[in-house]
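The residues making up each chain are set out below.
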Amino acid sequence: MLKPVDATTTPAWTTLTALHDSFTPDLRGAFDTDPERAQRYGFELGDLYVDLSKNFLTDEVRDALVELAEQVDVPGRRDAMFAGEHINVTEDRAVLHTALRRAEGDSLTVDGQDVVKDVHETLEKVYAFARRVRSGEWTGVTGKRIETVVNIGIGGSDLGPVMVYEALKPYVQEGLTARFISNIDPNDCAEKVKDLNPETTLFIIASKTFTTLETLTNARMARDWFLGALEAKGISTDGAIAKHFVAVSTALDKVEEFGIDPVNAFGFWSWVGGRYSVDSAVGTVLAVAVGPEAFEEFLSGFRTVDEHFATKTPAENVPMLMGLLNVWYRNFFKAATHAVLPYAQYLHRFPAYLQQLTMESNGKSVRWDGTPVTTETGEVFWGEPGTNGQHAFYQLIHQGTQLIPADFIGVVNPAHATKDGDTDVHELFLANFLAQTAALAFGKTADEVRAEGTAEEIVPARVFTGNKPTTSILAPEVSPKVVGELIALYEHITFTEGIVWGIDSFDQWGVELGKKLALQIAPAVMGDEAALEAQDASTQALIRRYRAERH
């Protein structure tokens, strides 16, 4: 096994430590003394414009971060990932989410299989199904066309599809809607199906192994509702499951046992982690909702960023630079969290999506060879859309005692008309985006506060220190291609950080323990006294309280 380089032992780390120790953030001064700063630290990435100029970045810092990337071999590990080497070492797997969006006609043989050929065969199957549903050729058991598609999944089989569906609502075919069930709380399923017509509802069950506890529990509840709703209408249920349920799974025997025709099961592969799978068959609900052509545009956005990440040098490589900046903040400034703030309502689920992508990937305390990490890893990613967040948590970012780097995402062209009388509301919205990044960077001095006529005793409360680092990402619109570009950008940011820290960003063993314990505790909750006695005192007390109060 190739040992990870300990980043803290590299010459670049020593340089960065010295730079940090002598670093006094002064973004006002940086812009005043360097008229070219915005231009030098502004980058084109496909349709995206990425402005890094309001970060704690100097040419010396940039050069040291680039040297760090080279000394821990981020470029080499990147190349190994794209080549299909088994860089997921704890599971001995290739990491090939990038193969999901490679162009048709490309070829990549991994473990004796042309994975790109396999991907496009599956995509064509998904597209053929999507066209049948969208055209009305696929009908329910009573011959009515499908109006609602309900995706049942959890984790990557839910967060990605939900986020992209919300982002691309203007592209959804009229007369079609999608809903998403993920939480094992029975109220989630009940609320999502209670007003649906079973004759016009199609369920997609997304579980690679068709054994995921939450997904299969929800699938069975949905099936019970569906059959009961048909019976209540006096409609025969013979063969109904096969007309109203399809699967994203490779476990064809279990799919068939559930009642789904295996022909209507769309597979994906062990080299696709759930949080990297929205552009695989996991996105079947999206292909149905927005159509194969829009889904192809979505994939092209990923591909644009993949090509940039795969070919650009570290000094020109936007995802790599952003990942290195995150390391700079996490390890040298001890920033524990990172905010992502989309000024686009259609991207309102993007921060939630990034929580799984980043924290499930880099929430690790051992390196890929099993040795302890040598520095902090991972950040808590969080956020809400602007301007909502301005009236909630921005106070902490502006004047709190924690350093919270933030990424602002703005959009030039909205999907809908924006006039309020003579006011262009979208331009007012974008002004807030620009104002917040400026205020965070440059703040307001005591003299500026006094000049506004503020009473002296209130001056300290109205001073903004500024020097809060932000990255601005400007997109022309929230289109399928742009959404793909944004996802791929953060995938490669996450990868870069993981390589610097020497961790395996593609396993998730920490997710498994809670699942196993839940199966052990469930009998105790359901009344098994022996199982109850096997639990710790706190768990026993909570279970007894639950059982006493359960109606």
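Residues numbered from 1 in each chain as written. Predicted model: local features only at pLDDT ≥ 70, side-chain atom pairs only at ≥ 80, totals over all residues. Heavy atoms only, no water.

A closer look at the overall build of the chain
Logical step 1: Along the backbone of the chain there are 22 helices and 15 strands.
Logical step 2: Over its C-alpha atoms the chain spans a radius of gyration of 25 Å, differing by no more than 12% from the 24 Å that the globule rule assigns to 551 residues.
Logical step 3: Taken across its 551 residues, the chain has 54% of its residues classed as buried.
Logical step 4: Once local pairs closer than 6 in sequence are excluded, the contacts in the chain between residues at least 24 apart make up 73%.
Logical step 5: Of the roughly 23,400 Å² of accessible surface on the chain, 53% is carried by carbon and sulfur atoms.
Logical step 6: Across the chain, 48 positive and 78 negative side-chain charges occur, with their mean positions spaced 4 Å apart. (Helix = DSSP H or I, 4+ residues; strand = E, 2+ residues; numbered from the N terminus. Rg over C-alpha atoms; globule rule 2.2 N^0.38 Å. Buried < 20%, exposed > 50% of the residue type's maximum accessible area, 1.4 Å probe, protein only. Contact = heavy atoms within 4.5 Å. Areas by Shrake-Rupley, 256 points an atom, 1.4 Å probe, with all protein chains shown as cover. Lys, Arg positive; Asp, Glu negative; His and termini not counted. Charge placed at Lys NZ, Arg CZ, Asp CG, Glu CD.)

What to know about the sheet that holds strand 9 (residues 265-266)
Logical step 1: Read across the sheet, 5 strands follow the order 6-5-7-8-9 without closing on themselves; strand pairing throughout is parallel. Unpaired on one side and paired on the other, strand 6 (177-181) and strand 9 mark the two borders of the sheet.
Logical step 2: Its contacts with the sheet place helix 7 (residues 156-167) against strand 5 (148-152), strand 6 and strand 7 (201-206), and it is angled at close to 150° to strand 6.
Logical step 3: On top of the sheet, helix 8 (residues 186-193) reaches strand 6 and strand 7; it is set at about 165° to strand 6, its chief contact. (Pairing = 2+ DSSP bridges. Axes fitted to C-alpha atoms, helices over the stretch in contact; angles between N-to-C directions.)

Details of the environment of Phe332
Logical step 1: Within the fold, Phe332 resides in helix 14 (residues 318-332).
Logical step 2: It is 17 Å that separates the C-alpha atoms of Phe332 and Gly502, two residues lying 170 residues apart in sequence.
Logical step 3: Excluding its chain neighbours within four sequence positions, the residues that come into contact with Phe332 are Trp13, Leu16, Thr17, His20 and Val327.

Quick notes on the environment of Ala438
Logical step 1: With respect to the helices and strands, the residue Ala438 is situated in helix 17 (residues 425-442).
Logical step 2: Residue classification places Ala438 among the partly exposed residues on the basis of a relative accessible area of 28%.
Logical step 3: Note: C-alpha distance between Ala438 and Arg28 (410 residues apart in sequence) is 9.9 Å.
Logical step 4: Residues within four places of Ala438 in sequence aside, it is in contact with Lys54 and Gly443.

Brief notes about the domain arrangement of the chain
Logical step 1: Assigned domains within the chain: domain 1 (7-72 + 312-501), domain 2 (97-295) and domain 3 (511-549).
Logical step 2: With centres defined by C-alpha atoms, the gap from domain 2 to domain 3 works out at 33 Å. (Domains from an automatic or database assignment.)

What to know about the UniProt feature "active site" (unreviewed entry) in the chain
Logical step 1: Under the feature "active site" (unreviewed entry), the UniProt entry names Glu360, His391 and Lys515. An extended arrangement is adopted by the annotated residues: their sequence extent is 156 residues, and the largest C-alpha distance between any two is 37.0 Å. Those annotated residues lining the largest pocket are, specifically, Glu360 and Lys515.
Logical step 2: Relative to the elements of secondary structure, Glu360 occurs in helix 15 (residues 350-362).
Logical step 3: Among the residues examined, Glu360 registers a relative accessible area of 22% and is labelled partly exposed.
Logical step 4: Apart from the residues lying within four places of it in its own chain, the contact partners of Glu360 are Arg275, Gln355, Asp507, Gln508 and Val511.
Logical step 5: Here Arg275 takes part through its side chain, which lies 2.9 Å from a polar atom of the side chain of Glu360.
Logical step 6: Tracing the sequence through the fold places Lys515 in helix 20 (residues 509-525).
Logical step 7: Classification of Lys515 as partly exposed rests on a relative accessible area of 38%. (UniProt positions renumbered as here; feature names shortened; annotations may be inferred. 1 Å grid on protein atoms, 1.4 Å probe; cavity = no way out; pocket = protein on both sides within 12 Å on 5 of 7 lines; lining within 4 Å. Polar contact = N/O pair within 3.5 Å; in protein donor to acceptor, adjacent residues only side chain to side chain.)

Some remarks on a negative patch on the surface
Logical step 1: Taken together, the side chains of Asp253, Glu256, Glu257 and Asp261 define an acidic patch exposed on the protein surface.
Logical step 2: Within the secondary structure layout, Asp253 lies in helix 11 (residues 252-258). (Patch = residues over 30% accessible without salt bridge, like charges linked within 9 Å, V, L, I, M, F, W, Y side chains within 5 Å. Salt bridge = Lys/Arg side-chain N within 4 Å of Asp/Glu carboxyl O.)

Some words on the layout of surface pockets
Logical step 1: By volume, the largest pocket is sized at about 1,100 Å³.
Logical step 2: Lining the largest pocket are 38 residues, with Thr212, Gln508, Val511, Glu512 and Lys515 sitting closest to its centre.
Logical step 3: Elements that contribute at least two residues to the lining of the largest pocket include exactly helix 7, helix 9 (213-232), helix 15 and helix 20.
Logical step 4: For the lining of the largest pocket, the element with the most residues is helix 20, which contributes 7 residues.
Logical step 5: Looking at side-chain class alone, the lining of the largest pocket contains 15 nonpolar, 14 polar and 9 charged residues.
Logical step 6: Inspection of the lining of the largest pocket shows a minimum of three residues originating in each of domain 2 (97-295) and domain 3 (511-549). (Points joined across faces, edges and corners; volume = space filled by probe spheres on them. Nonpolar A, V, L, I, M, F, W, Y, C, P; charged D, E, K, R; others polar.)

Topic: the pattern of salt bridges
Logical step 1: Summed over all chains, the structure comprises 33 salt bridges.
Logical step 2: Across the pair Arg132 and Glu137 runs a salt bridge whose closest N-O atoms are separated by 3.5 Å.
Logical step 3: The class of Glu137 is exposed, set by a relative accessible area of 54%.
Logical step 4: Between Glu199 and Lys233 there is a salt bridge; the shortest N-O distance is 2.7 Å.

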